[in-house]
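Chains, contacts and geometry: an overview
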Amino acid sequence: MAKAKSNTLKLNFDTSWSYAPAPENKSAATIKKQYDLFINGDWVKPSGNKYFDTINPANEEKLSEVADANMADVDAAVKAARNAYEKIWKKMPAKERGKYIFRIARMIQEKARELAIIESLDGGKPIRESRDFDVPTAANHFFYYAGWADKLDYAFPNRLSEPLGVAGQIIPWNFPLLMAAWKIAPAIATGNTVVLKPAETTSLTALKLAEIIQESGLPEGVVNIVTGAGATGAAIVNHPDINKIAFTGSTEVGKIIQRAIAGTNKKATLELGGKAANIIFEDAPIDQAVEGVINGIFFNQGHVCCSGSWLYVQESVAKEVIRKLKDRIESLIVGDPLDKNTDIGAINSRQQLETIDKYLNIGKKEGAEMYQSSCSLPGKGFWCRPTLFTNVAQSNRIAQEEIFGPVLAILTFRTDDEVIEKANNSPYGLSAGVWTDKGSKIFNMTRRMRAGVVWANTFNKFDPSSPFGGYKESGFGREGGLHGLLPYLNLIN
Ligand code: NAP
Ligand code: MG
């Protein structure tokens, strides 16, 4: 059986062999030296004339510099969005709106390769993920919501719907293009206009999307993209002429936003953090479950809000599952995100790597046993070996808090009731997984688990027609599907 320790060029004929490198070609992507703000259909210099660097987390090299939008810039973007809403977009026949959105979807497909390369360069995720998941799923969201634009009367029978106005949208760094698609597509399909801010460390694909939007001929001001850090996000949240805030990010910032908009008539959807319990019963197809767990937490560096970072294994099969997980993480390829063989890319930023390292120390101090793959790591950039913790107690912080890295906490259980109680004993409630051969057990678990999504015998599957969102401190509101239209509409009887 092939055993690949890393995707470095070294071939070790004595003990193992490596895959030959299969790097995607960087030159298939164009990244400008500097990016301005996309306001009213045009590229506009930031009024404070400030720019910040965006780097490749796999080698710490600068990729480009990006405009830092201040309050005046956000105000200009909101004004452009308001003007486009009142004068053009809300008056446009819905089927015409839909045509623009279809065009954007097709253009994302046409530029898929370039978008995938830029996503992996800027954010550190393996090209396999950005090529096979992020970019096609982003295009699919535009296709899906394009189809709804002229069918809103059928979506809500006997009720009229009207758009809210200007939506302020703020997204995180883990799925930069996909989160932009999740936000923009339903907003403009329902007749709203948008001011969107990507995360500071991963602005580039949102800016490429702005280029696509400009080329698509979408009326000026319908979508405005302003880059910057937290202060730019706060300027959007606090702008008085915004009707709706759509935020995806940490629970901490979600709480700040909710406090900031309390007492205003801004609507909000908050998609926040998660700690997903993945539960393996003794009757599960074990190899399939092990692969599902690996997919759920290690691919994409654990940078997924619904990562299955909290594993419960029924006691009778725990030894076998842990042994298989250890074997499997040893074969994961950690390295160059642009290499098509890579399983685990770079951690998104130094700051996130420090957070993960902090939790590795907390886990050890709490008395859990840590096991890491023995793979070598590149010398530059931000990296973390795939890590398992066993002997974890329910109350341990590594079992309760979101780590957002390739770190799996493993606990055991004996009965259904016990595991439901433990899995629900969390401030979060975004997602969960159940692995069992028995259909009735799946229904019992999914009914009783307080999680927005429960996957059965699979993990991390997404489809634009399925709603996604959390319970408890994982937020409120749903994105995707018919449900994803509602947060952007007023329904009138
Ligand atoms: P974050 O720190 O909350 O940042 C999210 C976005 O908010 C970024 O654009 C950020 O800008 C901006 N921001 C920061 N402070 C702000 C403020 N005071 N007001 C307004 N905006 C502000 O989250 P993150 O670390 O980027 O992302 C990871 C988190 O997102 C995890 O907790 C993860 O679970 C969650 N997430 C949830 C979902 C979901 O669907 N539930 C999906 C993906 C991720 P800067 O980047 O410049 O700081
Ligand atoms: Mg970057």
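Residues numbered from 1 in each chain as written. Chains lettered and ligands numbered in written order. Predicted model: local features only at pLDDT ≥ 70, side-chain atom pairs only at ≥ 80, totals over all residues. Heavy atoms only, no water.

Focus on the nonpolar core
In terms of nonpolar packing, the biggest core is built from 103 residues, with F142, I280 and L325 touching the most fellow members. When residues of this core are assigned to domains, at least three fall in each of domain 1 (26-272 + 474-492) and domain 2 (277-464). Dropping the residues within four chain positions of it, L325 is found in contact with V290, V293, I294, L311, L388, L408 and I410. (Core = buried A, V, L, I, M, F, W, Y, C linked by side-chain atoms within 4.5 Å. Buried < 20%, exposed > 50% of the residue type's maximum accessible area, 1.4 Å probe, protein only. Domains from an automatic or database assignment. Contact = heavy atoms within 4.5 Å.)

So, the coordination of the magnesium ion (ligand 2)
At the metal site, the magnesium ion (ligand 2) is ligated by I55 (O), D122 (O), D122 (OD) and T201 (O), and these contacts range over 2.4 to 2.5 Å. Mapped onto the polypeptide sequence, the residues donating to the magnesium ion (ligand 2) form the spacing pattern I-x66-D-x78-T. Of the two residues, D122 is situated in helix α3 (residues 112-123) and T201 in the loop between β8 (193-197) and α7 (204-216); the sequence distance between them amounts to 79 residues. On the basis of relative accessibility, which here comes to 1%, the residue D122 falls in the buried class. A relative accessible area of 27% means that T201 is categorised as partly exposed. (Donors = N, O, S within 2.8 Å, 3.2 Å for Na, K, Ca; no water. Helix = DSSP H or I, 4+ residues; strand = E, 2+ residues; numbered from the N terminus.)

Some points on the domain arrangement of the protein
As far as domains go, the protein holds domain 1 (26-272 + 474-492) and domain 2 (277-464). Inter-centroid distance (C-alpha atoms) of domain 1 to domain 2 is 30 Å. In this assembly, 34 residues from domain 1 lie in contact with 33 residues from domain 2. Taken together, both faces of the contact between domain 1 and domain 2 bury some 2,700 Å²; the carbon and sulfur share is 59%. (Buried area = accessible area lost by both parts, 1.4 Å probe.)

Here we look at the sheet that holds strand β1 (residues 34-35)
Within the open sheet, the three strands sit side by side as β1-β5-β4. Their pairing is mixed. Here the strands that pair on one side only, and so sit at the sheet edges, are β1 and β4 (51-56). Of the strand pairs in this sheet, β1 and strand β5 (residues 61-67) are connected by two bridges, and their pairing is parallel. Looking at the pairing, Y35 lines up with V66 of β5. In the packing of α3 onto the sheet, the strands contacted are β4 and β5, and the crossing angle to β4 comes to about 100°. (Pairing = 2+ DSSP bridges. Axes fitted to C-alpha atoms, helices over the stretch in contact; angles between N-to-C directions.)

Side note on the sheet that holds strand β18 (residues 453-456)
Taken together, the seven strands give an open sheet; going across it, the order is β14-β15-β16-β13-β12-β17-β18, and neighbouring strands pair in mixed fashion. Strands at the two margins of the open sheet, each flanked by one partner only, are β14 (369-372) and β18. Taking each pair of neighbouring strands and ignoring which way they run, the sheet shows an average axis angle of 20°. Examined bridge by bridge, strand β12 (residues 277-280) and strand β17 (residues 431-435) share four bridges and lie parallel to one another. By the bridge assignment for β17, I280 is matched with W435. The sheet strands contacting helix α12 (residues 350-365) are β14, β15 (387-390) and β16 (407-413), and the helix crosses β15 at an angle near 25°.

Looking at helix α6 (residues 176-189)
Side chains that are three or four residues apart share a direction in an α-helix, a result of its 3.6 residues per turn. Here α6 contains 14 residues, and its C-alpha end-to-end distance of 20 Å stays within 8% of the 20 Å for a straight helix at 1.5 Å per residue. With 14 of 14 residues buried, α6 is to be regarded as a mostly interior element. Just past α6, the residue G191 takes up positive phi, approximately 95°. (Expected span 1.5 Å × (residues − 1).)

Overview of the packing of helix α10 (residues 286-297) against helix α11 (residues 315-330)
One can describe the packing of α10 onto α11 by two numbers: an axis separation of 10 Å at closest approach and a directional angle of 50°. By the criterion of interaxial angle, the relationship of α10 to α11 is oblique. For the pair α10 and α11, the sense of crossing is right-handed. On the side of α10, the interface is formed by I286, D287, V290, E291, V293 and I294, while α11 contributes V317, E320, V321, K324, L325, R328 and I329. When its residues are assigned to classes, the contact of α10 with α11 shows eight nonpolar, no polar and five charged. (Parallel < 35°, antiparallel > 145°, perpendicular 65-115°, else oblique. Left-handed = near helix turned anticlockwise from the far one by under 90°. Nonpolar A, V, L, I, M, F, W, Y, C, P; charged D, E, K, R; others polar.)

Details of the site of ligand 1
Of all residues adjacent to ligand 1, which total 28 residues, the nearest are I171, S250, L272, C305 and E402. Within the contact set of ligand 1, an oxygen atom lies 3.3 Å away from a backbone nitrogen or oxygen of G249. Interatomic distance of 2.6 Å between a side-chain N/O atom of S250 and an oxygen atom of ligand 1. When the free accessible area of ligand 1 is taken as 890 Å², the share hidden by the protein chains comes to 87%. Counting only elements with at least two residues in the shell around ligand 1, the list comes to α8 (230-238) and β10 (244-248). When the residues that make up the shell around ligand 1 are grouped by side-chain class, the tally is 15 nonpolar, nine polar and four charged. (Near = heavy atom within 4 Å. Polar contact = N/O pair within 3.5 Å; in protein donor to acceptor, adjacent residues only side chain to side chain. Areas by Shrake-Rupley, 256 points an atom, 1.4 Å probe, with all protein chains shown as cover.)

Re the pattern of salt bridges
By the definition in use, this model includes 26 salt bridges. Its salt-bridge partner being K183, residue E479 comes within 2.7 Å of it at the nearest N-O pair. One end of the pair, E479, is in the loop between β19 (475-476) and β20 (489-492); the other, K183, is in helix α6, and 296 residues separate them in sequence. The exposure class of E479 is buried, given its relative accessible area of 6%. The partner of D417 in a salt bridge is R448, with the nearest N and O atoms 3.1 Å apart. Of the two residues, D417 is situated in helix α14 (residues 416-424) and R448 in helix α15 (residues 439-448); the sequence distance between them amounts to 31 residues. Among the residues examined, R448 registers a relative accessible area of 30% and is labelled partly exposed. (Salt bridge = Lys/Arg side-chain N within 4 Å of Asp/Glu carboxyl O.)

Focus on the environment of A181
By the element assignment, A181 lies in helix α6. Spatially, the C-alpha atom of A181 lies 32 Å from that of Y359, the residues being 178 residues apart in sequence.

Comments concerning the environment of K32
Relative to the assigned elements, K32 resides in the segment before β1. Here the alpha-carbon distance between K32 and E65, two residues 33 residues apart in the chain, equals 8.5 Å. Excluding its chain neighbours within four sequence positions, the residues that come into contact with K32 are L63, S64 and E211.

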